[in-house]
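So the chains spell out like this:
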Amino acid sequence: MNSNHRQERQSCSVLHDCFNGFYSPQLLDSAYFVVTDDIPKPDFPQLRDLGLGDFIDMKVRGVTYHDTYYVAKHAAEDVDLHFHELVHVLQWKELGIQGFITRYTQEILSFGYDNAPLENMAYSLQERFGKNKQHFNVEQFVRDNI
């Protein structure tokens, strides 16, 4: 999926000023985002057979695949959304591609999207960032709590 959008990817290094003290320059240099009208989602019959149809059809403002996340054009300036999706980039990095996909899928099936632990981690860190802007090492937090 990411290879189809390689030309449109922007380096997250452009977010350095917003996220200095939260994310390392190395992470921001190695992560990317794409602003798009249509958020790409995998739509394989096997996923629907597993019971993930509602999740696939859910309207979202952003989604992450490995080192690249996609944001809806109308939400492209939402710094909190970028923060949230970068948490997912870290989760992918820590768990590996197969590990992330397996765990995320199991969590959605077991707990639903709103209660999935990986989503809750991203939302709680996003909220912490949005409330007080006090610097904390997001990468270390994800490593310690994955």
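Keep in mind that this is a model prediction, so the values were computed, not measured.

About the thresholds
- Residues numbered from 1 in each chain as written.
- Predicted model: local features only at pLDDT ≥ 70, side-chain atom pairs only at ≥ 80, totals over all residues.
- Heavy atoms only, no water.
- Pairing = 2+ DSSP bridges.
- Helix = DSSP H or I, 4+ residues; strand = E, 2+ residues; numbered from the N terminus.
- Core = buried A, V, L, I, M, F, W, Y, C linked by side-chain atoms within 4.5 Å.
- Buried < 20%, exposed > 50% of the residue type's maximum accessible area, 1.4 Å probe, protein only.
- Contact = heavy atoms within 4.5 Å.
- 1 Å grid on protein atoms, 1.4 Å probe; cavity = no way out; pocket = protein on both sides within 12 Å on 5 of 7 lines; lining within 4 Å.
- Points joined across faces, edges and corners; volume = space filled by probe spheres on them.
- Nonpolar A, V, L, I, M, F, W, Y, C, P; charged D, E, K, R; others polar.
- Axes fitted to C-alpha atoms, helices over the stretch in contact; angles between N-to-C directions.
- Parallel < 35°, antiparallel > 145°, perpendicular 65-115°, else oblique.

Chemist: Even after reading the chapter, I still don't get the sheet that holds strand 1 (residues 10-11), so can you show me in this structure?
Modeler: Spatially, four strands are ordered 1-2-4-3 in an open sheet, and the strand pairing comes out mixed. Two strands in the sheet have a free side with no partner beyond their single neighbour: strand 1 and strand 3 (62-65).

Chemist: I'm lost on the nonpolar core in this one. Help?
Modeler: General note: in soluble globular proteins, nonpolar side chains tend to be found buried as a group. Core analysis: the biggest nonpolar cluster contains 26 residues, and Tyr23, Phe83, Leu86, Val87 and Val138 have the highest contact counts within it. Elements that contribute at least two residues to this core include exactly helix 2 (25-30), strand 4 (68-72), helix 5 (79-95), helix 7 (117-132) and helix 8 (138-145). The dominant element in this core, judged by the number of residues it contributes, is helix 5, at six residues. The residues contacting Tyr23, other than those within four sequence positions of it, are Leu28, Phe83, Leu86, Val87, Leu90, Val138 and Glu139. Core analysis: the second largest hydrophobic core is formed by 16 residues, Leu47, Ala72, Trp92 and Ala116 among them.

Chemist: Even after reading the chapter, I still don't get the layout of surface pockets, so can you show me in this structure?
Modeler: A water-sized probe, rolled over the atoms, reveals where empty space remains. In this structure, the largest pocket spans a volume of roughly 860 Å³. Lining the largest pocket are 34 residues; nearest its centre among them are Phe55, Val63, Thr64, Tyr65 and Tyr104. Elements with a contribution of two residues or more to the lining of the largest pocket: helix 4 (53-57), strand 3, helix 5, helix 6 (97-111) and helix 7. Broken down by element, the residue count for the lining of the largest pocket peaks at six residues, all from helix 6. Residue composition of the lining of the largest pocket, grouped by class: 21 nonpolar, eight polar and five charged.

Chemist: So what exactly am I meant to see when it comes to the packing of helix 6 against helix 7 here?
Modeler: Each packed pair of helices is defined by two parameters, the angle between the axes and the distance between the axes. Axis separation between helix 6 and helix 7 bottoms out at 8 Å; the angle between their running directions is 95°. Between helix 6 and helix 7, the interaxial angle falls into the category roughly perpendicular. Every residue of helix 7 that contacts helix 6 at Phe100, Arg103, Tyr104, Glu107 and Phe111 is listed here: Pro117, Leu118 and Glu119. Looking at side-chain class alone, the contact of helix 6 with helix 7 contains five nonpolar, no polar and three charged residues.

Chemist: Mind showing me how you'd approach unusual backbone geometry here?
Modeler: Excluding glycine, residues mostly carry a negative phi; peptide bonds, for their part, are mostly trans. A positive phi angle is found at His66, which is not glycine, with a value near 60°. Tracing the sequence through the fold places His66 in the loop between strand 3 and strand 4.

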